[in-house]
Amino acid sequence: MKNKTALITGASRGLGKEFARIHSSHGGNLVLVARSENELRLFKNELETIQNGISVYIIVKDLTLPNSARDVYNEIKENNIQIDYLINNAGFGEFGHFVDVNWDRFEKMIDLNIKSLTHLCHLFLPDMTARNQGKIMNISSTAAFQSGPMMAVYFASKSYVLHLSEALNNEVKDKGVSVTAFCPGPTDTHFMDDSKMKETKVIKNMKLPSSHAVALSGYKAMMNKKPVKIHGFLNNAIAFSIRLVPRKWVVAITRKLEA
Ligand SMILES: NC(=O)c1ccc[n+]([C@@H]2O[C@H](COP(=O)([O-])OP(=O)(O)OC[C@H]3O[C@@H](n4cnc5c(N)ncnc54)[C@H](OP(=O)(O)O)[C@@H]3O)[C@@H](O)[C@H]2O)c1
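Here we summarise the structure given alongside this text.

So, how was this worked out
- Residues numbered from 1 in each chain as written.
- Predicted model: local features only at pLDDT ≥ 70, side-chain atom pairs only at ≥ 80, totals over all residues.
- Heavy atoms only, no water.
- Near = heavy atom within 4 Å.
- Polar contact = N/O pair within 3.5 Å; in protein donor to acceptor, adjacent residues only side chain to side chain.
- Areas by Shrake-Rupley, 256 points an atom, 1.4 Å probe, with all protein chains shown as cover.
- Helix = DSSP H or I, 4+ residues; strand = E, 2+ residues; numbered from the N terminus.
- Nonpolar A, V, L, I, M, F, W, Y, C, P; charged D, E, K, R; others polar.
- Buried < 20%, exposed > 50% of the residue type's maximum accessible area, 1.4 Å probe, protein only.

### Here we look at the site of the ligand
The full set close to the ligand counts 30 residues, and R35, S36, N89, Y154 and T189 are the nearest of them. Separating an oxygen atom of the ligand from a side-chain N or O atom of T189 is a distance of 2.5 Å. At 3.4 Å, a backbone N or O of H190 approaches an oxygen atom of the ligand. For the ligand, whose accessible area on its own is 890 Å², the fraction buried by protein is 97%. Counting residues per element, the ones that place at least two in the shell around the ligand are α1 (14–25), α5 (152–172) and α6 (191–194). Each residue belonging to the shell around the ligand can be placed in one class, and the counts come to 12 nonpolar, 13 polar and five charged.

What follows is the structure, given as structure tokens:
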């Protein structure tokens, strides 16, 4: 990990920030991407001060914009930075009836959770397979294992991430490269407020794990080249048991938990 460079999207807060802290604590360099310039600058200073000798390069970018993934790739190439680990973490959700949520919000969700993640994989994988070396971690969710009434687009986007990652891992594993789908359950980050999930029945009554504990389990899974990693015993048990229950029951139970 020392001197290896990790590109992390959505690194201005939450899980992305924790992945960056963990990677830099092993002496790794970073390229951090998010929209909040101030947050990224402060975080870069913090990390470079705490972890002597590492370098942190920041790219301020809205990854929902057309060509944003290619802009990120080009800037990295122009600066002769080699990306050893790609962590596609930026993403968001929205709680509410499908028809009540603004279309712009859904379009941005698809652009970020699906399109930019896929494009970044498509840009960086050829460099990794050519070197016979590299790791990608795509942040999915326990939402990936079932349909999610009241968060239909978000759940579907995370199923896409899970299936894309598993398939890509199969395609590149013989070329020294791994792709991990990391599936956290509900975690204590800004996501909970932003997605309005804090108001849901299931979250109101739940003690959420810290972003550090969750990020650590994802980071270890990426390092160990695990194709799929679900965080936590209960989340694993639920994801497994879903396979044994009729699909319509699963949808009905998910709906009851959320609203
Ligand atoms: N928290 C949970 O319960 C949970 C559970 C399962 C999966 N996840 C997944 O984990 C990932 C990280 O979420 P989190 O919980 O850490 O959420 P968070 O605290 O809200 O952080 C989201 C990050 O994504 C960045 N981002 C949002 N929109 C962006 C855009 N258009 N362009 C570039 N960056 C953007 C944000 O930075 P800026 O605002 O500065 O751009 C921020 O750094 C997401 O993919 C989420 O779906 C979260």
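Having seen the model, we can carry on.
### Considering unusual backbone geometry
One non-glycine residue with positive phi stands out, namely N67, at about 70°. One non-glycine residue, N80, adopts positive backbone phi at about 55°. Summarising the element assignment, N80 is placed in the loop between α3 (68–78) and β4 (85–88). For N80, a relative accessible area of 72% gives the class exposed.

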